[in-house]
Amino acid sequence: MALVTDDIPLVDQHCHGVLTKALGAAELSSYLTEAPEVPHHRDPFNSLLGLGVRRWCAPILDLPSLAGRDVYLRRRVELGWREVTERLLRAANVTEWLVDTGFTPPQPLTGPEVFSDGAGHEVVRIEHVAETLAAQGKFSLNGFRATLHERAANAVGLKTIVGYRSGLAVPSLPPTSTAARVAAERWLRRGGRVEEPDLLSWLVHEGARVAAELSLPLQVHAGFGDPDLRLRDVDPALLHDFVEAYPNVMIVLLHCWPYHRNAAYLAHVFPNVVVDVGLMVPFVGARAGDVLGEVLELAPFDAVVWSSDGRQLPETHYLAAALWRHHFGRLLDTWINEDVLTVADAERLAFAVGSGNAGRIYRLGGGRDE
Amino acid sequence: MALVTDDIPLVDQHCHGVLTKALGAAELSSYLTEAPEVPHHRDPFNSLLGLGVRRWCAPILDLPSLAGRDVYLRRRVELGWREVTERLLRAANVTEWLVDTGFTPPQPLTGPEVFSDGAGHEVVRIEHVAETLAAQGKFSLNGFRATLHERAANAVGLKTIVGYRSGLAVPSLPPTSTAARVAAERWLRRGGRVEEPDLLSWLVHEGARVAAELSLPLQVHAGFGDPDLRLRDVDPALLHDFVEAYPNVMIVLLHCWPYHRNAAYLAHVFPNVVVDVGLMVPFVGARAGDVLGEVLELAPFDAVVWSSDGRQLPETHYLAAALWRHHFGRLLDTWINEDVLTVADAERLAFAVGSGNAGRIYRLGGGRDE
Amino acid sequence: MALVTDDIPLVDQHCHGVLTKALGAAELSSYLTEAPEVPHHRDPFNSLLGLGVRRWCAPILDLPSLAGRDVYLRRRVELGWREVTERLLRAANVTEWLVDTGFTPPQPLTGPEVFSDGAGHEVVRIEHVAETLAAQGKFSLNGFRATLHERAANAVGLKTIVGYRSGLAVPSLPPTSTAARVAAERWLRRGGRVEEPDLLSWLVHEGARVAAELSLPLQVHAGFGDPDLRLRDVDPALLHDFVEAYPNVMIVLLHCWPYHRNAAYLAHVFPNVVVDVGLMVPFVGARAGDVLGEVLELAPFDAVVWSSDGRQLPETHYLAAALWRHHFGRLLDTWINEDVLTVADAERLAFAVGSGNAGRIYRLGGGRDE
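None of the values given here were measured: they were computed from a predicted structure.

Thresholds applied
The residue numbers shown here count from 1 along each chain, following its written sequence. Chain letters start at A and ligand numbers start at 1, both assigned in the order the entries are written. Reporting of local features is limited, given that this is a predicted model, to residues whose pLDDT is at least 70; pairs of side-chain atoms are given and counted only at 80 or more, and all residues count toward the totals for whole chains, interfaces and linings. Side-chain measures here rest on the full set of heavy atoms in the structure, leaving out hydrogens and waters. The way it works is that DSSP assigns letters per residue, a run of H or I at least four long becomes a helix, a run of E at least two long becomes a strand, and they are numbered from the N terminus. Our radius of gyration looks at C-alpha atoms and nothing else; its globule reference is 2.2 Å times the residue count to the power 0.38. Three labels apply to residues, based on accessible area from a 1.4 Å probe with only protein chains included: buried if under 20% of the type maximum, exposed if over 50%, partly exposed otherwise in between. What sets the accessible areas is the Shrake-Rupley method with a 1.4 Å probe; for residues, cover comes only from the shown protein chains. Counted as positive: Lys and Arg. Counted as negative: Asp and Glu, with His and the chain ends omitted from the count. For the purpose of locating charges, the reference atoms are NZ of Lys, CZ of Arg, CG of Asp and CD of Glu. Any pair of residues with heavy atoms lying within 4.5 Å of one another is described as a contacting pair. Two parts placed together each lose some accessible area under a 1.4 Å probe, and the buried area is that loss summed for both. The working definition used for a salt bridge is a side-chain nitrogen of Lys or Arg within 4 Å of a carboxyl oxygen of Asp or Glu. The term polar contact refers here to a pair of N or O atoms within 3.5 Å; inside protein, the definition further demands a hydrogen-donor-capable atom paired with an acceptor-capable atom, and it admits residues adjacent in sequence only when both atoms are side-chain atoms. Amino acids are sorted into nonpolar (Ala, Val, Leu, Ile, Met, Phe, Trp, Tyr, Cys and Pro), charged (Asp, Glu, Lys and Arg) and polar (every other residue, Gly among them). We superpose the copies by least squares over the C-alpha atoms of residues that have a pLDDT of at least 70 in both of them. We treat two strands as partners when DSSP finds at least two bridges between them. Working convention: axes come from line fits to C-alpha atoms, limited for helices to the stretch in contact. Angles between N-to-C directions cover 0 to 180 degrees. A pocket, in this scheme, is an open set of points on a 1 Å grid over the protein atoms alone with protein on both sides within 12 Å along at least 5 of 7 lines, while a cavity is a set where a 1.4 Å probe fits but cannot get out; residues line either one if an atom lies within 4 Å of a point. Grid points are joined across faces, edges and corners, and a volume is the space filled by probe spheres set on the points.

A.B. asks: Any chance you could explain the overall build of chain A here in plain terms?
C.D. replies: Summing up its helical and strand segments, chain A has 15 helices and eight strands in all. Taken against the 2.2 N^0.38 rule, which gives 21 Å for 370 residues, the C-alpha radius of gyration of chain A at 20 Å falls within 12% of a compact globule. Here chain A, with 370 residues, has 65% of them falling under the buried criterion. Summed over all atoms, the accessible surface of chain A reaches about 12,600 Å², with 50% contributed by carbon and sulfur. Within chain A, the 46 negative side-chain charges are centred at a point lying 5 Å from the centre of the 34 positive side-chain charges.

Structure, rendered in structure tokens:
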């Protein structure tokens, strides 16, 4: 069955690099979950995400759909990680990859340059800039904005993970300079990652100012992720006052599940809010149609963007694309059959979510909205 | 396909008046969203609500289903707003309209009298009574209840929008008279709308007492609306203690999305709570079947009522009726085919939600439950 | 249509006993809702739960599917409660029943011994142990752990209802011994059930220590129940810090609706968290497929368990089994047809949720996972 999403080249508006090494079964499995550890009684392949890999990625490696886990892992070794990576990234049919370069797990990942079939672009993570400066002994409140400007000069967007650290209830005004200074001093004495709420808030506000000055969107992690966050603190509804304070900055709410309806609400009422359906798509797998439907209940069609949040495994990049094409395509197909919209409407909507909205928001050449 | 909902005359248990003037494209579009402003990169027709208008309202104006936006807007001008209004309101097949007369946007709306095909009834908004009194220099804590009594004498219900102002965590007891007086004095000095939490709480408690004395239901705005509210503060679950404190007052939770399951829970455990499926139905459009299903998971069938929350555009009144008939009818049809219920059960349930429950709760002559 | 769930013998990992007496219409209806009272304008049969009883239980009593409520009630009297109970419990095809013996409503219920067709096991409710001790004048902070050890010696698990009393935001550390003593003294002076947050927290931490020492799972009530709880306080996401503090204790989140996605998230990121789909299944009835789908979006397949939360009426035990078999079976059938998984995958998943996961977690002989 041909779907209107089949041939749409995608803009992956939020992803990370991949690992450049061969992977054993245990290590590969460990990247198929947000759990920090995988004990023997848990097999990450026993999940909708795992089924998705077996169904969608196996054929790209010349295996039958739904090949068993062990068969899949053996074939992956046989082909070698380079070939596997190349095949999966190519199959995703992505023309532009927007790479958050501030995600730096112990095993190094490639940067935007890996995405040879498409153009790689950088998204700069605000907290990572601050932490890198501090590690070099160069962080200062006064100097931060200039450095962020510099780092963002060739980027297509900024990103904050404040939700992970102190939650999304960022006040509409930055802390006083005294409060920011006290927090910064405490942090610099302590070292490590920024965890002081006042300093995090100050960084996000500085980021929003830089985003406004450079006309860059600001991506905000919202919704689920690893257990470093508290789920209730990453409800995007908490960001209400902050997004209202920056009407000139496009705020892109990433991931959002299980609060994706709340994110859709913010996108509905604020012209500067966009809701991303990334990350959750590979995870929820066969349930993607329902979840995407929930997002569209209130989200304006002009304010929804796709991404993969792919990282470490190129499977995650491809799976997000394949699942979105299949499930969003089927949702639109059902709606066409039920006279909810016309074929032309469906094509426009598929293009907008898959590519057009992101092209316009990030002002990408290739994906520019017509 | 005939559905059990097709011919049920509806009781619209919560709506507003319509505009009595011709509308240009921009102005009409601006009423298809809860966003206070619509910038050029947002077209409210690009939404499930917009698709709903094109699909369901276009044929009422003699256009093909899913006619384009511009065609629709031209035809609307051609027919004139009087004809459009008359056709759409008639097509809704509503026998009783319960009109919240306290919604008074800059562009004046008609009152209950507009609904010539059905009986218009008034729902009195508590905060609006207080603000009108204050504007006339006549507000006093001691005199408020008498005025509310008077205003409600010919009404079928009361309504509060406390959720918009200070959230739904209204304590089970009113504030002390000192706290209420201090809040009232502050408000009267300041002028404008009531925003003092203690005064709002006091008003709602006074409203509940009047509702008890006159045996009137009390409607409570819950769930989404314009960005004047904070989404997390309008979770109907916050109203637990308040509804428990007034077992003799029927509390009707309006709208509720995305917290409609929480509202259904309150309706399940409290015999004096009723959950409304209005507002969200036109907005969520093609997703209405799923959302209504979520409400029914826990809501007693005796405790669900339909409304349009229609306002400004008669499209919104009609669309809510058409979408409810179509999607609730299809849900029931599916359930009949899957042996979840009998045809007679489905007919009873459709009548209860569309008309019977509201008729009983508001003691309406025409819609009285048998 | 044969479903992969049809013949799976179930482990009911959380239920209660049944009433041992004939029931009139009003009393029977009162057990079909979480509402503490049922006024004349509410009929609990008018709900998805009520439809479920008419559809699934009627045939077990030799009535046609969807027989009317009155016909059902008459037939129940005709057969007598013993015969009805025996038929329904047998039809559930449950091999092991895990009975929370700490639920002691005014009308006495049977204990684990009633489940003659399967093995009955005991789950010990922590708060009930404390309250029983206090009623005997024997409660002391120092002695509690020893008593709990003794009570749990032959049990398969512990359970806490702290969510009902003070919410699920249990800190990761117990209160100081002074705080616990002050709370215990206040409680013992007052009598009745434990409501002091510090004492509740202390009891749960003691329970978790005993669970660790005896390698028993700890069941935690989460999500909806009667209006004694506040819905927002039983969001399982609140339990984040607590479950993180006890990596060696399997924590089973019971019920969870409407926060079942949040529960699935915790099960995803914490290897010691399991999500139960009980209670909600009979209540949400025909909606069970969607709700179960929502749970599986993020929950590892190794971390989902079925239960009935059946109590008072054997209808609730059977209904939970029948609805789960039907709706989970149909979901899997749809997924098989859509190539989401293979038949073998579906069979494994059905066995895991229906029996295998619980068998492994509770180390039951009969249900041991292979």
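A.B. asks: Would you mind showing me how to read the side chain of Arg-165 of chain C here?
C.D. replies: Along the polypeptide, Arg-165 of chain C turns up in helix α7 (residues 162-166). Apart from residues lying up to four places away in sequence, Arg-165 of chain C is in contact with Glu-127, Glu-131, Arg-193, Val-194, Glu-195 and Leu-200 of chain C.

A.B. asks: Please clarify how the interface of chain B and chain A should be interpreted in this entry.
C.D. replies: The figure often quoted for interface size is the accessible area lost as the parts come together. Tallying the contact residues gives 35 residues for chain B and 35 residues for chain A. With both chains or domains summed, chain B and chain A bury close to 3,100 Å², and 55% of this area falls on carbon and sulfur atoms. Considering only the surface of chain B that becomes buried against chain A, Arg-42, Arg-232 and Arg-287 of chain B emerge as the three largest contributors, covering 22% of it. In this assembly, chain B and chain A are joined by seven salt bridges. Across the pair Glu-338 of chain A and Arg-330 of chain B runs a salt bridge, and its minimum N-O distance is 3.3 Å. One can count 25 residue pairs in polar contact (both at pLDDT 80 or more) joining chain B with chain A. Listed by contribution, the elements that provide at least two residues to the side of chain B that touches chain A are α2 (48-57), α12 (280-284) and α13 (288-296) of chain B. Grouping the amino acids of the side of chain B that touches chain A by side-chain chemistry returns 17 nonpolar, six polar and twelve charged.

A.B. asks: Is there a simple way to think about unusual backbone geometry in this case?
C.D. replies: A negative phi angle characterises most non-glycine residues, just as the trans form characterises most peptide bonds. At the junction of Trp-257 of chain A and Pro-258 of chain A, the peptide bond is cis and its omega measures out at 0° in the coordinates. Mapped onto the fold, Pro-258 of chain A is located in the loop between β6 (251-255) and α11 (260-269). Located in the positive-phi region is Ser-215 of chain B, a residue other than glycine, with phi close to 55°. Mapped onto the elements, Ser-215 of chain B comes out in the loop between α9 (197-214) and β5 (218-222). Backbone geometry places Gln-312 of chain C, a non-glycine residue, at a positive phi of 65°. Counting through the fold element by element, Gln-312 of chain C comes out in the loop between β8 (304-305) and α14 (314-337).

A.B. asks: Before we go on, may I ask you to explain the relation of the copies chain B and chain A in this structure?
C.D. replies: Here the two chain copies are tied together by a rotation about an axis and a shift along that axis. Placing chain B over chain A gives an RMSD of 0.0 Å and needs a rotation angle of 120°, together with 0.0 Å of translation along the axis. Each copy turns onto its partner about a three-fold axis. Among all residues of chain B, the one whose C-alpha sits closest to the rotation axis is Asp-290 of chain B, at a distance of 5.3 Å. A share of only 6% of the interface residues of chain B reappears at the interface of chain A, consistent with the copies meeting through non-equivalent patches.

A.B. asks: Quick question: what am I supposed to make of the sheet that holds strand β2 (residues 94-100) of chain A here?
C.D. replies: Backbone hydrogen bonds are what pair the strands of a sheet, in a parallel or an antiparallel way. Residue and element names in this part refer to chain A. The strand order across the open sheet formed by eight strands is β1-β2-β3-β4-β5-β6-β7-β8, and the pairing between neighbours is parallel. If you trace the sheet from one side to the other, it starts and ends with β1 (10-15) and β8 (304-305), each paired once. In this sheet, strand β4 (residues 157-160) lies alongside strand β3 (residues 119-125) in parallel orientation, the contact comprising three bridges. Its bridge partner lying in β4, Val-124 is registered against Leu-158. Of the strands in this sheet, β6 and β7 (273-276) are in contact with α11, which crosses β7 at around 150°.

A.B. asks: Just checking my understanding: could you explain the layout of surface pockets for this structure?
C.D. replies: Empty space among the atoms can be located by rolling a probe the size of a water molecule over them. Estimated volume of the largest pocket: approximately 1,300 Å³. The wall of the largest pocket is formed by 31 residues, among which Arg-287 and Asp-290 of chain A, Arg-287 and Asp-290 of chain B together with Asp-290 of chain C lie closest to the centre. Elements supplying a minimum of two residues to the lining of the largest pocket: α13 (288-298) and α14 (314-337) of chain A, α13 and α14 (314-337) of chain B together with α13 (288-298) and α14 of chain C. Classifying every residue of the lining of the largest pocket gives ten nonpolar, nine polar and twelve charged.

A.B. asks: Would you mind going over the pattern of salt bridges with me for this structure?
C.D. replies: If the charged atoms of two oppositely charged side chains come close together, the side chains can form a pair. The full count for this structure, using the stated rule, is 96 salt bridges over all chains. Between Arg-230 of chain A and Glu-244 of chain C there is a salt bridge, and its shortest N-O distance comes to 3.8 Å. Remark: Glu-244 of chain C occurs in helix α10 (residues 240-245) and Arg-230 of chain A occurs in the loop between β5 (218-222) and α10 (240-245); the pair is interchain, linking two chains. Given the relative accessible area of 37%, Glu-244 of chain C is considered partly exposed. We note a salt bridge from Arg-232 of chain B to Asp-235 of chain A, for which the minimum N-O separation is 2.9 Å. In this pair, Arg-232 of chain B is assigned in the loop between β5 and α10 (240-245) and Asp-235 of chain A in the loop between β5 and α10, connecting two distinct chains.

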